Amino acid sequence: MSGKEIMFTPVKLGSIQLKNRLVMAPLTRMRAVAGDVPNPLAKTYYAQRASAGLIITEATQISPLGMGYPATPGIYSPEQTAAWKEIVDAVHAKGGTIVAQLWHVGRISHSSLHPEQGVPEAPSAIAASGQTYGADWKLHDYETPKAMSLDDIARLLKEYTAAAQNAKLAGFDGVEIHSANGYLLDQFLQDKTNQRSDQYGGSIDNRLRLLGEVIDVVSKVFPSDKVGVRLSPYGTFNDMADSDPVALFTAAIQKLNTYNLAYVHMIEPRATSAGGGDQVNEDAPVTSELFRKAYQGQFITAGGYDQAMGEKVLEAGLADAVAYGRLYISNPDLVERFQSNASLNPYNRATFYGGQEAGYTDYPTL
């Protein structure tokens, strides 16, 4: 079969059935309303895109301290869970499949976003270089985070459990654990950000420990074959680095092989800005080529794909599904457009973050 034919064939990721191999990537849009509740418009936005094989929600914080940007939605309160249930019901009513991406940003935060909880938390008390948006939507220098105690880690695991339980209450088809892009779980993995000397730091096995524990607790709520994990080997976004990324992420894949997950979702490092810009690093290593063979389950690849590149990677067997981000923002009917070789709506980057309908629910379909 050609890559184009493969793209429109069904596939099972664990026990999650997809009608095609186009995945809507998790896309931060910063439009939540008071209480970090998803915007009422989100129901329309996600339902418009229900022809995707799989929708992965925007990153959704598991706790107030997990929040890293203004107006991102949470999944830790009854009000948030009720709003997500409406979204899930709307997607299901249109024949779609949707999983919730569970998120904790770690040090990539600012105390103004969670004044009651104070400074951000992280594996080690190392500030990221650069600036981030506070609750006032203005840029602030990153703060030095609090190094998490063992009690903090125990609390974090309870927060992941509660978030997974809320995702189940909302009717999601599964969950994705966000362990990429320089956020908390990625900070535990990589040695630039994890300089602990306890059982969560030092050796690669120790740095992988927390991710394993999060998978364990989430898999008590959803069967593991409804749980995905997102990784970003070689990613530099949010001031990340590791002294030996091949050894680290090869070990991570070997560990993930033992869990019978729904899928592993990897971001290609050529798209290092995680949506913050359009630059593509053509010299970056290709993670689907490096790590696909090592992973024994289903594999989603993401990062700067167009239709032809997506077809090529499917045809080569380097992925089971391809995630699209920016193209899904501006083309709610991306599946139909790819099928009929129709032209694509251009996206407007100025409307990616914050705002209301403009650039969110008002892109035309064919």
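Just so we're clear, the structure is a prediction, and the values are computed from it rather than from any experiment.

Procedures and definitions
- Residues numbered from 1 in each chain as written.
- Predicted model: local features only at pLDDT ≥ 70, side-chain atom pairs only at ≥ 80, totals over all residues.
- Heavy atoms only, no water.
- Helix = DSSP H or I, 4+ residues; strand = E, 2+ residues; numbered from the N terminus.
- Contact = heavy atoms within 4.5 Å.
- Polar contact = N/O pair within 3.5 Å; in protein donor to acceptor, adjacent residues only side chain to side chain.
- Salt bridge = Lys/Arg side-chain N within 4 Å of Asp/Glu carboxyl O.
- Buried < 20%, exposed > 50% of the residue type's maximum accessible area, 1.4 Å probe, protein only.
- Expected span 1.5 Å × (residues − 1).
- Phe/Tyr/Trp six-rings, centres within 6.5 Å; stacked < 30°, edge-to-face > 60°.
- Lys NZ or Arg CZ within 6 Å of the ring centre and 35° of its normal.

**A closer look at the environment of Lys4**
Logical step 1: You can see Lys4 is positioned in helix α1 (residues 3–7).
Logical step 2: Residues Lys4 and Arg49, 45 residues apart in the sequence, show an inter-C-alpha distance of 20 Å.
Logical step 3: Apart from residues no more than four positions distant in its own chain, Lys4 is found in contact with Gln307, Glu311, Phe338, Gln339 and Asn341.
Logical step 4: At a separation of 3.0 Å, a polar atom in the side chain of Lys4 contacts the side chain of Asn341.

**Considering the side chain of Glu121**
Logical step 1: Mapped onto the elements, Glu121 comes out in strand β6 (residues 121–122).
Logical step 2: Within the structure, Glu121 has its side chain in polar contact with the side chain of His104 (distance 2.8 Å).
Logical step 3: Of the polar contacts made by the side chain of Glu121, one reaches the side chain of Arg155; its length is 2.6 Å.
Logical step 4: Once residues within four sequence positions are removed from consideration, Glu121 is found in contact with Leu65, His104, Gly106, Arg107, Pro145, Lys146, Met148, Asp152, Arg155, Leu156 and Leu184.

**Examining the pattern of salt bridges**
Logical step 1: Under the definition given, this model contains 12 salt bridges.
Logical step 2: Linking Asp89 and Lys85 is a salt bridge whose minimum nitrogen-to-oxygen distance equals 3.0 Å. With Asp89 and Lys85 both in helix α3 (residues 78–93) and four residues apart, the pair spans about one turn of that helix.
Logical step 3: For Asp89, a relative accessible area of 38% corresponds to the partly exposed category.

**What to know about α3**
The periodicity of an α-helix, 3.6 residues per turn, causes residues three or four places apart in sequence to face the same way.
Logical step 1: Over its 16 residues, α3 extends 22 Å from the first C-alpha to the last, a length consistent with the 22 Å expected when each residue adds 1.5 Å.
Logical step 2: Taken together, the buried positions of α3 are Gln80, Thr81, Ala83, Trp84, Ile87, Val88, Ala90 and Val91.
Logical step 3: The inward-facing, buried residues of α3 contact α2 (41–48), β4 (54–61), β5 (98–103) and α4 (150–169).
Logical step 4: In the stretch just after α3, Gly95 is the one whose phi turns positive, near 80°.

**A word on the packing of aromatic side chains**
Logical step 1: Here the structure, examined in full by the defined rule, presents 10 aromatic pairs.
Logical step 2: With a centroid separation of 5.7 Å and 55° between ring planes, the pair formed by Trp84 and Phe172 is classed as tilted. Here the residue Trp84 occupies a position in helix α3, and Phe172 occupies one in the loop between α4 and β10 (175–178), the gap between them amounting to 88 residues. In this structure, Trp84 and Phe172 share a single accessibility class: buried.
Logical step 3: An aromatic cluster is present here, built from Tyr45, Tyr46, Trp84, Phe172 and Tyr360 joined pairwise through their rings.
Logical step 4: Above the plane of the ring of Phe222 lies Lys168, whose end atom (NZ or CZ) is 5.9 Å from the centre.

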